[in-house]
Amino acid sequence: MAFPVDLRRCQILGLAGTAFLAAGGETAGALPVRDLLHPASAGAALGLVAVYFGLVLLIAAWALLGRLVRGPRPPAPRALLLVLAVWATPLLLAPPLFSRDVYSYLAQGAMVDAHIDVYAHGPSQLGGPLAGEVAPLWRHTGAPYGPVFLAVAAALSALTRGELPAGLFGMRLVALAGVALMAAALPRLARHSGADPSAALWLGALNPLVLLHLVAGAHNDAVMLGLLGVGLVAALGRWPILGAVLVTLAALVKAPAALGLAAVVVLQVRAGRSTAKALVTTAVAAAVTTVAATAAAGTGYGWIGALNTPVSPQNWALTTLLGRATRALLEHLGSDLAPLAIPAWHTLGVVTAGVAIVLIWLRLRPRPLYALGLSLAAVAALGPAIRPWYALWGLFLIAAAAPSTSVRHRMAAVAGVLALCVLPGGGPADTGQLVLAVSGGALAVVVLWQAHQAELAPALGHTA
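Here the structure is a predicted model, which means the values were calculated and not measured.

Draft legend 1. Quick look at the pattern of salt bridges. Under the criterion given, the structure shown has three salt bridges. Residues arginine 9 and aspartate 6 are paired through a salt bridge, measuring 3.8 Å at the closest nitrogen-oxygen approach. Put simply, lysine 254 and aspartate 221 hold a salt bridge, and the shortest N to O gap is 3.1 Å. Placement of the pair is lysine 254 in the loop between α11 (240-251) and α12 (260-270) and aspartate 221 in helix α10 (residues 221-236), with a sequence separation of 33 residues. A single burial state applies to lysine 254 and to aspartate 221, both of which are buried.

Draft legend 2. Structural detail: the nonpolar core. If you look at the biggest cluster of nonpolar residues, it comprises 139 residues, and the most contacted ones within it are Leu65, Trp87, Leu189, Leu206, Leu228 and Leu232. It is helix α2 (residues 42-69) that provides the largest number of residues to this core, a total of 16 residues. Setting aside residues up to four positions removed in sequence, leucine 232 forms contacts with Leu189, Val247, Gly260, Ala263, Val264, Leu267, Leu369, Leu372 and Leu397.

Draft legend 3. A look at the packing of aromatic side chains. Taken as a whole, this structure holds seven aromatic pairs when the rule is applied. Arranged with centres 4.5 Å apart and planes meeting at 15°, the rings of tryptophan 62 and tryptophan 202 form a pair that is stacked. You can see tryptophan 62 sitting in helix α2 and its partner tryptophan 202 sitting in helix α8 (residues 197-204), a full 140 residues away along the chain. Overall, the relative accessible area of 4% leaves tryptophan 62 in the buried class. With a relative accessible area of 7%, tryptophan 202 lands in the buried category. Taking the centre distance of 6.1 Å and the plane angle of 90° together, the rings of tryptophan 389 and tyrosine 390 count as edge-to-face. Judged on exposure class, the residue tryptophan 389 and its partner tyrosine 390 are both buried. An aromatic cluster of at least three residues, connected via ring pairs, comprises Tyr105, Tyr145 and Phe149. Across the ring face of tryptophan 202, the terminal group of arginine 70 is positioned such that the distance to the ring centre comes to 6.0 Å.

Reading the values: rules and limits
Residues numbered from 1 in each chain as written. Predicted model: local features only at pLDDT ≥ 70, side-chain atom pairs only at ≥ 80, totals over all residues. Heavy atoms only, no water. Salt bridge = Lys/Arg side-chain N within 4 Å of Asp/Glu carboxyl O. Helix = DSSP H or I, 4+ residues; strand = E, 2+ residues; numbered from the N terminus. Buried < 20%, exposed > 50% of the residue type's maximum accessible area, 1.4 Å probe, protein only. Core = buried A, V, L, I, M, F, W, Y, C linked by side-chain atoms within 4.5 Å. Contact = heavy atoms within 4.5 Å. Phe/Tyr/Trp six-rings, centres within 6.5 Å; stacked < 30°, edge-to-face > 60°. Lys NZ or Arg CZ within 6 Å of the ring centre and 35° of its normal.

In short, the description is geometric, and any link to function would need to be established separately.
Put into structure tokens, the structure is as follows:
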């Protein structure tokens, strides 16, 4: 007998999940340094259990909502947007979760506001308590972000006068604005691609990675994807130049969005413009936007040289793992080539991603949104640094443009697995923390099973 599903049940279950996430984050999240608890303390342990308890509840709610979306009477996009708002609400005032990147954003914004070259120096140059909040890996590293995002961060720094609570809340509001743009763009992109707008919203905006990393983590990927989405919507209509401007602004938040300019060109050609005219108008719009945004931000063009900032042997990536294995083998053999192993694999990954992108566009040019989604997925998977939220780069557009339900199912499975891969404090896990996380998730599974059995009992008794 199937588990009964309705929209209200999904809404309440997901709300319970994010409420536990927010509550657990109060002791186990990416807290300011002065508030951090020792991982072995009772408070941190209980918080970690609560976070993973809530995370499994949220994933279950999302999966049940997916069943409803695929059913005979799927909820309308407006109803799904309400669900997203309800699920996100407990996370609004929660501490940062699953990453300390938001502290880097605030420190970099303060550096721009103080006229420190954010591309030549890391947050350590800023000094003070805000720099101490930045993860050690990034404390001495220049910003990898474009001038548009840094201008936003600088304005927020000036507005909040360096006050950490206000800055964290402000950065979360910026991320929420990005998520709102994503949610607004998805139905239109889905209709253009012949897909169900509700299914696109379910996968592209309500999936746990959006709530965990774009809302709770306040990552600037939300702004990038939001601008990219509305830029593509503009390009679908009668405003291709506006589309090119918005996509360029997205790329000036994070560089991978620049691939969206290819989609803008293809969409213009499909609308009847010549290839040459589409290329020229897009290139001119992108160039003018880049110059104007960089001048307005006052950061200079150091962001071009900073594009390789994520290339670090300390970053987790498929190519880094292969590089470490190769380096260990070469060291065992006594080869002098061992230090070149990781850079060589990083280069191979970038080249492979480039080849994959060319092949994708050659094959899928009639479906530019889907081609763009697959291209961004290739960049995320084969790049020199991988984070769970990078999966959203491709997933956002694949949700709207995938040609089949099976593709969406596979992407949903990837999102569900990646949602479980990072601890709420954003740091590496030890054995004890893994045990606590698994315990919290297992407890949620037991509770869900018991609720399922309780739902079935009356029906079984009536049948008997």
